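Read off the chains here:
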Amino acid sequence: MYNPVCGDGTAETFFDEHVFPRLEEAHIQVTQKMATGAAGHAGTIAFDFLERYEGNVTVILGSGDGTLHEIINALSLVALNGVRKNVVSSSVRVVLVPCGTANALYCSLFKPISMNEGPAYKLKSLEAFIMGSDVVPLTLTVTTLSAPPSSKQSCSKVAVSAVVTSTALHASILHDSESLRKELPGIERFKVAAKNNITQWYSSHVKLLPAPSAQAVEIYDPDQKTFVIHKDSDAHGIVDVHGPFAYFLSTVNVDRLEPAFRITPLASDFVSSEVSLDLVMVRPHRDPTFVMDTIEARNAFAEKSVAVLTAAYQDGSHINLRYTDDGKITNEGTGPTVIEYIRCKGWEWIPDEVDERAHLVCSDGAIFSIVKGGKAACSAAVPADGAEFSVYV
């Protein structure tokens, strides 16, 4: 299956010139070949296929992270019928062929050496499948967007992610960048959207939820170069965090969102022993020079946000940034960290009712909006029911 319009629109050509000939050379029979035709089509194709065929299914997928997101959501949130009726779970093995814009999952599993990798690099997951290599199971995050208890809208929205769940700046970037896709089909559109939103702050209250075995939320300590128990944990291990936030983003399975943008580098440098997510957040009030929320203060802090995002492109060095007493950003000293790097089971984001932009939530590029008075609750999990997903590496 390939998405002919993702990325720069070359998926069909790449499959015709490289993927199909390699499968034929390896004498591998393909049961079905499909090109997606519209948003959500990939999920429908996968759903229909699983209802017809028993056993493990391998999907050779030429796309970006968004199309994989469609498949995972289509198979995670519904009950299968056909030959799989009453079957507790199904195993879906994915061969990734990176044809999207950023290809976060692929670039995290197969670290690129340069920005201009050739066809052989894009065929690494396919070669692993042909050689019968191992698969890596995917951790998923389930995000529930719920209305307030007093609301007549009792039905919640659920989004399943395999890469990123975010609010604040990242969600605004993804929200705005879609309108720039035709004009700027590459990752440049994300930089344009970032520039347009860099002075925004987002008002919200957050609860950080501990992983069961650790029974605590952990925070990275640059001095000790390891995770330590968060000092603000309550008796149940929960940490309450108050905004405003300039940045709030969590990932699973990946350490980057673009080939060189290592936003959660510890996901691969310091691998967790249990199901958890890595979360990075930036709160302007941690700046020692913060006095009052003004336009001037936001414009001044925007330069510091740019410094953080720039450092993320420098092999994830943003996680070591600190403030000096006069509010400058440095890699040295013992001042407050600019980034709060958290490892936990999940989080709850409860936006201020009057801050419209704080109601945006991004799930692998798909944008959702929290209803007024509601919240988003995100939790990392390995599927117990439904489809289990893994990738050939």
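Residues numbered from 1 in each chain as written. Predicted model: local features only at pLDDT ≥ 70, side-chain atom pairs only at ≥ 80, totals over all residues. Heavy atoms only, no water.

An unreviewed UniProt entry lists the protein under the name DAGKc domain-containing protein, with Suillus plorans as the source organism.

The next point concerns the overall build of the protein. The helix and strand tally for the protein stands at ten helices and 20 strands. Radius of gyration (C-alpha) of the protein: 21 Å, near the 21 Å computed for a compact globule of 393 residues. Its C-alpha atoms put the protein at 65 × 50 × 40 Å along the principal axes. Restricting the contact set of the protein to residue pairs at least 6 apart, pairs at least 24 apart contribute 75%. (Helix = DSSP H or I, 4+ residues; strand = E, 2+ residues; numbered from the N terminus. Rg over C-alpha atoms; globule rule 2.2 N^0.38 Å. Contact = heavy atoms within 4.5 Å.)

Moving on: the nonpolar core. Ranked by size, the top nonpolar core spans 92 residues in total, and within it L208, Y247, F248, L257, W347 and W349 carry the most contacts. Not counting the four nearest positions on each side in its chain, L208 is found in contact with V217, G237, I238, V239, V241, L279, M281, I342, G346 and W347. V19, F20, V97 and Y392 belong to the second largest nonpolar core, which has 17 residues in total. (Core = buried A, V, L, I, M, F, W, Y, C linked by side-chain atoms within 4.5 Å. Buried < 20%, exposed > 50% of the residue type's maximum accessible area, 1.4 Å probe, protein only.)

Throughout the structure, instances matching the rule amount to 18 salt bridges. Two residues, D240 and K207, come together in a salt bridge whose shortest N-O distance is 2.8 Å. Of the two residues, D240 sits in strand β10 (residues 239-242) while K207 sits in strand β7 (residues 204-209), which places them 33 residues apart along the sequence. A relative accessible area of 34% means that D240 is categorised as partly exposed. A relative accessible area of 25% places K207 in the partly exposed class. In this structure, R343 and D278 form a salt bridge, with 2.8 Å as the shortest nitrogen-oxygen distance. Highlighted residues: R343 in strand β15 (residues 340-344) and D278 in strand β12 (residues 277-282), separated in sequence by 65 residues. The class for R343 is buried, based on a relative accessible area of 5%. The buried category is assigned to D278, whose relative accessible area is 4%. (Salt bridge = Lys/Arg side-chain N within 4 Å of Asp/Glu carboxyl O.)

Counted under the stated rule, the structure contains 17 aromatic pairs. Taking the centre distance of 5.8 Å and the plane angle of 65° together, the rings of Y220 and F227 count as edge-to-face. Exposure class is identical for Y220 and F227. Each is buried. Here a set of aromatic residues connected by ring pairs shows up, and it is made of Y220, F227, F270 and Y341. Taking NZ or CZ as reference, K33 lies 4.2 Å from the ring centre of F20, over its face. Its end group placed over the ring of F14, K122 keeps NZ or CZ at 4.4 Å from the ring centre. (Phe/Tyr/Trp six-rings, centres within 6.5 Å; stacked < 30°, edge-to-face > 60°. Lys NZ or Arg CZ within 6 Å of the ring centre and 35° of its normal.)

Here we take up the sheet that holds β7. Where strands meet in a sheet, backbone hydrogen bonds hold them as pairs that are either parallel or antiparallel. In space, the six strands of this open sheet follow the order β5-β4-β19-β16-β7-β10, with antiparallel pairing throughout. Either end of the sheet is taken by a strand with one partner, and the two such strands are β5 (157-161) and β10. Here the strands of the sheet are splayed against their neighbours by 15° on average, with no regard to which way each runs. Pairing geometry for β7 and β10, over four bridges, is antiparallel. Looking at β10, one finds that L208 is bridged to V239. Here helix α3 (residues 65-76) sits on the sheet and contacts β4 (140-146) and β5; the angle it forms with β5, its principal contact strand, is near 125°. (Pairing = 2+ DSSP bridges. Axes fitted to C-alpha atoms, helices over the stretch in contact; angles between N-to-C directions.)

It is worth spelling out the side chain of N103 at this point. In this structure, N103 sits in the loop between β2 (89-98) and α4 (104-109). Setting aside residues up to four positions removed in sequence, N103 forms contacts with S63, G64, D65 and P98.

Before going further, it helps to spend a moment on the layout of surface pockets. Of the pockets and cavities examined, the largest pocket occupies roughly 1,300 Å³. Taken together, 50 residues form the lining of the largest pocket, with L174, R181, R189, F190 and G365 sitting closest to its centre. Elements supplying a minimum of two residues to the lining of the largest pocket: α2 (41-52), α3, α7 (168-177), α8 (188-197), α10 (295-312) and β18 (366-369). In terms of residue count, the dominant contributor to the lining of the largest pocket is α3 (six residues). Looking at the lining of the largest pocket, its residues break down into 24 nonpolar, 17 polar and nine charged. (1 Å grid on protein atoms, 1.4 Å probe; cavity = no way out; pocket = protein on both sides within 12 Å on 5 of 7 lines; lining within 4 Å. Points joined across faces, edges and corners; volume = space filled by probe spheres on them. Nonpolar A, V, L, I, M, F, W, Y, C, P; charged D, E, K, R; others polar.)

Taken as a whole, this structure holds two cavities of 30 Å³ or more when the rule is applied. Put simply, the largest cavity is a space of about 70 Å³. If you trace the largest cavity, you find it lined by L61, S63, G64, D65, L68, L96, V97, P98, N103, A104, L105 and Y106. Those elements that provide at least two residues to the lining of the largest cavity are β1 (57-63), α3, β2 and α4.

Let us now look at the environment of A128. Here A128 shows up in helix α6 (residues 124-130). Remark: the alpha-carbon pair of A128 and T58, spanning 70 residues in sequence, is separated by 12 Å. Discounting chain neighbours no more than four positions away, the residues touching A128 are S133, Y392 and V393.

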